[in-house]
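Here is how the chains run, residue by residue.
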Amino acid sequence: MEYTRTRFWSRTLTHWKHQIPGQLQPSRYFSTKRPKTVLEDIKGMTVEPIRESDYLKTLKLQFTQNGRKRYRDVARVHASIMVVLYNRTRKVIVLVRQFRPAVFVCGAIPSTADNSIESLNSIDWSKVPLETGITLEIPGGIIDENMTAAEAIKQEVLEECGYDVPLSSFENIGEFRTSTGVSGDAQTMFYAECTDDMKVSEGGGKPTNGEFVEVVEMSVPDVRKFINQKVVNANCALLIGMQWFMYFKAGKI
Ligand SMILES: O=c1ccn([C@@H]2O[C@H](COP(=O)(O)OP(=O)(O)O[C@H]3O[C@H](CO)[C@@H](O)[C@H](O)[C@H]3O)[C@@H](O)[C@H]2O)c(=O)[nH]1
């Protein structure tokens, strides 16, 4: 298998050292109450092909463009929402850290590697540092049926971060596509401000759903440093959200 140790370690370390972890503060409501192992206690990773999924539908599209037959593989995922959440009391952006299995696997091996199931299962995943799959994100999730985008993001903020923010505080700042090559589904981004007195629980996600998130906070000067990095273990939404915040809000709050 084309999976050399040196290549793996250099990729992993590059990702992690750009996380500026020292710049993140655990949410003061959160850090002492939750066991520290919730993100780290990952064991027994195996890989198999998807035969059926509630979350991902793969489609092969065929069509003719300018008289030429074309094919395209498409992955359909749920529409999602996210929020740039600013805590006015402590002047910080509220973020979540979590273990993302997809980032863990894709971050550990180059996309050009032999991605056969046999090869992937021959990797000793316990040797891959878990930080490879731990991302920093703005709070968010998929839109549950029978909910508006705003209702869905209000619920995510409560579940993940423990703030009960009024629905009217969520400002829709734009909709874009999760990706354009493989998955064209929509993501809607909101901005909201909260205060310490809106904090009603620890947050941390719904463990009954298998969701464990760690709430962390970043000061505005550190947001500027973060978005100026060359490599981050984060999704585009975090970067777009932070850039939007710096451009439209940071000088005015
Ligand atoms: O393969 C899967 C996918 C999802 N889930 C469950 O579905 C929940 C979905 O959680 P939710 O918090 O609503 O979504 P996220 O995991 O945060 O991810 C969604 O929301 C993100 C924005 O925060 C987007 O970036 C992602 O594309 C989108 O999938 C998870 O906790 C799991 O319980 C699974 O069990 N298996």
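Within any chain, residue numbers begin from 1 and follow the written order of that chain's sequence. For a predicted model such as this one, the threshold for reporting local features is a pLDDT of at least 70, and the threshold for listing and counting side-chain atom pairs is 80 or more; totals across whole chains, interfaces and linings nevertheless cover every residue. Side-chain numbers here rest on the full set of heavy atoms in the structure, without hydrogens or water.

If you look the protein chain up in an unreviewed UniProt entry, it shows as Uridine diphosphate glucose pyrophosphatase NUDT14 from Orchesella cincta. Within the UniProt record for the protein chain, the comment given under Subcellular location (unreviewed entry) is "Cytoplasm". UniProt positions are given in the numbering used here, feature names are shortened, and annotations may be inferred rather than shown by experiment. A UniProt comment under Cofactor (unreviewed entry) is attached to the protein chain, and it reads "Mg(2+)".

> What's the story with the environment of Asn172 in this structure? I'm lost.
Within the element layout of this structure, Asn172 appears in strand S8 (residues 171-177). Relative accessible area serves as the criterion here: at 49%, Asn172 is assigned to the partly exposed category. Those residues within four positions of Asn172 in sequence are excluded, and the remaining contacts are Thr188, Met189 and Phe190. Here a strand is any run of E in DSSP of at least two residues, a helix any run of H or I of at least four, and the numbering for each starts at the N terminus. When a residue's accessible area, from a 1.4 Å probe over protein chains only, is under 20% of the maximum for its type it is buried; when over 50% it is exposed; and in between it is partly exposed. When checking whether two residues touch, look at their non-hydrogen atoms; a contact exists if any pair is within 4.5 Å.

> Quick question: what am I supposed to make of the packing of aromatic side chains here?
For any pair of aromatic rings, the description consists of the separation of the ring centres together with the inter-plane angle of the planes. Between 30 and 60 degrees the pair is tilted, below 30 it is stacked and above 60 it is edge-to-face, where a pair is any two Phe, Tyr or Trp rings, Trp via its six-membered ring, whose centres lie within 6.5 Å. Taken as a whole, this structure holds 8 aromatic pairs when the rule is applied. Between the aromatic rings of Tyr191 and Trp244, the centroid separation amounts to 5.3 Å while the plane-to-plane angle is 45°, which identifies the pairing as tilted. In this pair, Tyr191 is assigned in strand S9 (residues 186-194) and Trp244 in helix H6 (residues 236-248), connecting sequence segments 53 residues apart. With a relative accessible area of 2%, Tyr191 lands in the buried category. Ring centres 5.5 Å apart and planes at 45° place the aromatic pair Trp244 and Phe248 in the tilted group. Of this pair, Trp244 and Phe248 both sit in helix H6, 4 residues apart, which is roughly one turn of that helix. Its relative accessible area of 40% is what places Phe248 among the partly exposed residues.

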